[in-house]
Amino acid sequence: MNRKSMLLLVLSAILLLLMMIFSSKNYLLFSFGFLVLTFGIYFWQFERANHNSREIVFIAIICALAVVGRIIFAALPAVKPELFILIMGAIVSGPETGFLMGTIIALTSNMYFGQGVWTPWQMFALGVIGLISGLMSEKVPTWILVIWGFASGFIMGWIMDVYYIVGFVDPITFKSILMSLAASFYFDFVHAIFTAVLLLLVGKRWIKLFRNYQRKYALFE
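Everything numeric in this text was worked out from a predicted model, so none of it was measured.

## Section: the nonpolar core
Core analysis: the biggest nonpolar cluster contains 43 residues, and Ile-87, Met-88 and Leu-145 have the highest contact counts within it. Elements supplying a minimum of two residues to this core: α3 (53-72), α4 (82-93), α5 (95-113), α6 (119-134), α7 (142-168) and α8 (174-216). Among the elements that line this core, the one with the most residues is α4, at nine residues. Look past the residues within four positions of Ile-87 in its chain and what remains in contact with it is Ile-129, Ser-133, Leu-145, Trp-148, Gly-149, Ser-152, Thr-195 and Leu-199.

## Details of the packing of aromatic side chains
Two numbers describe a pair of aromatic rings. These are the distance of the centres and the angle of the planes. The full count for this structure, using the stated rule, is eleven aromatic pairs. Note on Phe-73 and Phe-194: the rings are 6.1 Å apart at their centroids and 55° apart in plane angle, and the pair reads as tilted. With Phe-73 in the loop between α3 and α4 and Phe-194 in helix α8, this residue pair connects regions lying 121 residues apart in the sequence. A residue is classified by how much of its surface remains accessible, and Phe-73, at 30% relative accessible area, is partly exposed.

## Topic: the side chain of Ser-180
Relative to the helices and strands, Ser-180 resides in helix α8. The class for Ser-180 is buried, based on a relative accessible area of 9%. Other than its neighbours up to four places away in sequence, Ser-180 contacts Asp-161, Tyr-164, Ile-165 and Val-169.

## A closer look at a nonpolar patch on the surface
A grouping of Phe-150, Phe-185, Phe-189, Ile-193, Val-197, Leu-200 and Leu-201 is seen on the molecular surface, where their side chains present a nonpolar patch of about 620 Å² in accessible area. The element contributing the most residues to the nonpolar patch is α8, with six residues. Note that Leu-201 resides in helix α8.

## Quick notes on the side chain of Gln-122
Relative to the helices and strands, Gln-122 is located in helix α6. The residues touching Gln-122, leaving out its near neighbours within four places in the chain, are Arg-70, Ala-106, Asn-110 and Met-160.

## Here's the deal with the environment of Leu-201
Judged by relative accessible area, which is 56%, Leu-201 ranks as exposed. Each C-alpha atom of the pair Leu-201 and Val-146 lies 9.5 Å from the other, and the pair is 55 residues apart in sequence.

## So, the environment of Ala-196
In this fold, Ala-196 is placed in helix α8. In contact with Ala-196, other than residues within four places in its own chain, are Val-146, Gly-149 and Phe-150.

## Considering the packing of α5 against α6
The N-to-C vectors of α5 and α6 enclose an angle of 150°; their axes lie 7 Å apart at closest approach. One way to sum up the angle between α5 and α6 is to call them roughly antiparallel. In terms of crossing hand, the pair formed by α5 and α6 is right-handed. Only Thr-119, Gln-122, Met-123, Leu-126, Gly-127, Val-128, Gly-130, Leu-131 and Gly-134 of α6 make contact with α5, whose side of the interface consists of Pro-95, Gly-98, Phe-99, Gly-102, Thr-103, Ile-105, Ala-106, Leu-107 and Asn-110.

The rules behind each value
Residues numbered from 1 in each chain as written. Predicted model: local features only at pLDDT ≥ 70, side-chain atom pairs only at ≥ 80, totals over all residues. Heavy atoms only, no water. Core = buried A, V, L, I, M, F, W, Y, C linked by side-chain atoms within 4.5 Å. Buried < 20%, exposed > 50% of the residue type's maximum accessible area, 1.4 Å probe, protein only. Helix = DSSP H or I, 4+ residues; strand = E, 2+ residues; numbered from the N terminus. Contact = heavy atoms within 4.5 Å. Phe/Tyr/Trp six-rings, centres within 6.5 Å; stacked < 30°, edge-to-face > 60°. Patch = residues over 30% accessible without salt bridge, like charges linked within 9 Å, V, L, I, M, F, W, Y side chains within 5 Å. Areas by Shrake-Rupley, 256 points an atom, 1.4 Å probe, with all protein chains shown as cover. Salt bridge = Lys/Arg side-chain N within 4 Å of Asp/Glu carboxyl O. Axes fitted to C-alpha atoms, helices over the stretch in contact; angles between N-to-C directions. Parallel < 35°, antiparallel > 145°, perpendicular 65-115°, else oblique. Left-handed = near helix turned anticlockwise from the far one by under 90°.

In structure tokens, the structure reads:
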């Protein structure tokens, strides 16, 4: 993981820590702070590199697909394709852009599902998954892709469990932590399985499709 990617993760984690310290009542302020931080770092890099409008369009398409996919499956909370779409887009665009897309997907989709203290945590969770996915090569074996897809469902769930435990569990004990993790296990497991199955069935096809588009227009080089 390069320096800029690590810096992005550290600063984001610090912002979440500040949100816990200064009370959840300020969630809207910190949500916007999180977004400003993410965009600030990205556009600082954007200004230093030669980007074009097609790359912006690609980012918008990935985010739109993930948001629409999340909304379409709203009736089935654990069955959503946003992780699959984010992983595919991040592999093509890279870690920093993957992190950015993850935060945009969480913030934008919550305009439908509802904003709250959970929003910056979802932004961070999807951002981390986008960042790690962006470190992968297009030649990554299918079995690794499937394992990562399965793991990403639990990674997102565990980050949201931290938010729940810190904000709502009192007292925080080993038993209460286990109970919280157990309560979310079914949701996380179904989310992980659904993502892994999509990557197994059509993951390589989507990577090829996105990569052809990337090469045709010389994106993210």
